[in-house]
Amino acid sequence: MQDNLEQVVERAVRRALDNSTQSPWKDSEQAAGYLSCSAGTLKTWRSRGEGPAYHVIQEKLIRYHVSDLDAFVRGEVAR
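Rules of the game
Residues numbered from 1 in each chain as written. Predicted model: local features only at pLDDT ≥ 70, side-chain atom pairs only at ≥ 80, totals over all residues. Heavy atoms only, no water. Helix = DSSP H or I, 4+ residues; strand = E, 2+ residues; numbered from the N terminus. Contact = heavy atoms within 4.5 Å. Areas by Shrake-Rupley, 256 points an atom, 1.4 Å probe, with all protein chains shown as cover. Pairing = 2+ DSSP bridges. Axes fitted to C-alpha atoms, helices over the stretch in contact; angles between N-to-C directions. Buried < 20%, exposed > 50% of the residue type's maximum accessible area, 1.4 Å probe, protein only. Parallel < 35°, antiparallel > 145°, perpendicular 65-115°, else oblique. Nonpolar A, V, L, I, M, F, W, Y, C, P; charged D, E, K, R; others polar. Phe/Tyr/Trp six-rings, centres within 6.5 Å; stacked < 30°, edge-to-face > 60°.

Caption draft 1: The arrangement of the overall build of the protein chain in detail. Secondary structure assignment for the protein chain yields four helices and three strands. Secondary structure of the protein chain in N-to-C order comes out as α-β-α-α-β-β-α. Residue pairs at least 24 apart in sequence account for 47% of intrachain contacts in the protein chain once pairs closer than 6 positions are excluded. For the protein chain, the accessible area works out to roughly 6000 Å², and carbon and sulfur atoms hold 50% of it.

Caption draft 2: Looking closely at the sheet that holds strand E2 (residues 55–57). One open sheet accounts for three strands, arranged E1-E3-E2; its pairing is antiparallel. Each edge of the sheet is formed by a strand with only one pairing partner; in this case those strands are strand E1 (25–26) and E2. Pairing of E2 with strand E3 (residues 61–65) involves three bridges; the strand directions are antiparallel. Residue pairing in the sheet places His55 in a bridge with Arg63 of E3. The sheet contacts of helix H4 (residues 66–73) involve E1, E2 and E3, and relative to E3 the element is tilted by about 65°.

Caption draft 3: Structural context of the pairing of E3. What you see with E3 is a clean split: Ile62 and Tyr64 sit on the buried side and Leu61, Arg63 and His65 on the side with no burial. The pairing of E1 with E3 spans two bridges and is classified as antiparallel. Following the sheet pairing, Lys26 is matched in E3 by Tyr64. Remark: three residues form the turn of the hairpin made by E2 and E3, two consecutive strands paired antiparallel; Gln58 in that turn has positive phi of roughly 50°.

Caption draft 4: Highlighting the packing of helix H2 (residues 28–35) against helix H3 (residues 39–48). Orientation of H2 relative to H3, taken along the N-to-C sense of each, is 100°, at an axis distance of 8 Å. Between H2 and H3, the interaxial angle falls into the category roughly perpendicular. Residue-level contacts link Ser28, Glu29, Ala31, Ala32 and Leu35 of H2 to Ala39, Leu42, Trp45 and Arg46 of H3. Residues that form the contact of H2 with H3 fall into these classes: six nonpolar, one polar and two charged.

Caption draft 5: Seen up close, the packing of aromatic side chains. Counting across every chain of the model gives two aromatic pairs. Ring centres of Trp45 and Phe72 lie 5.2 Å apart, and the angle between their planes is 50°; on these two criteria the pair is classed as tilted. Of this pair, Trp45 sits in helix H3 while Phe72 sits in helix H4; the two residues are 27 residues apart in sequence, bridging distant segments of the chain. Judged by its relative accessible area of 21%, Trp45 falls in the partly exposed class. Exposure remark for Phe72: the relative accessible area of 25% places this residue in the partly exposed category.

Below you can see the structure in the form of structure tokens.
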């Protein structure tokens, strides 16, 4: 039982550390996973001027900030 508890605690600590060091910026695949949709859906929304706010970096990289994704889920998007 003790080993099992130690493993549970160790996994919880690793998850917490992983989450604290991750960048708040997500590419299309990561953002799609965060929203439980597909990257294709995000692309369609971008082309229609819908969906969460995104940022274009050097005219080709699309990035989504976690706070923008959260705002979209809460219905606070004004695109």
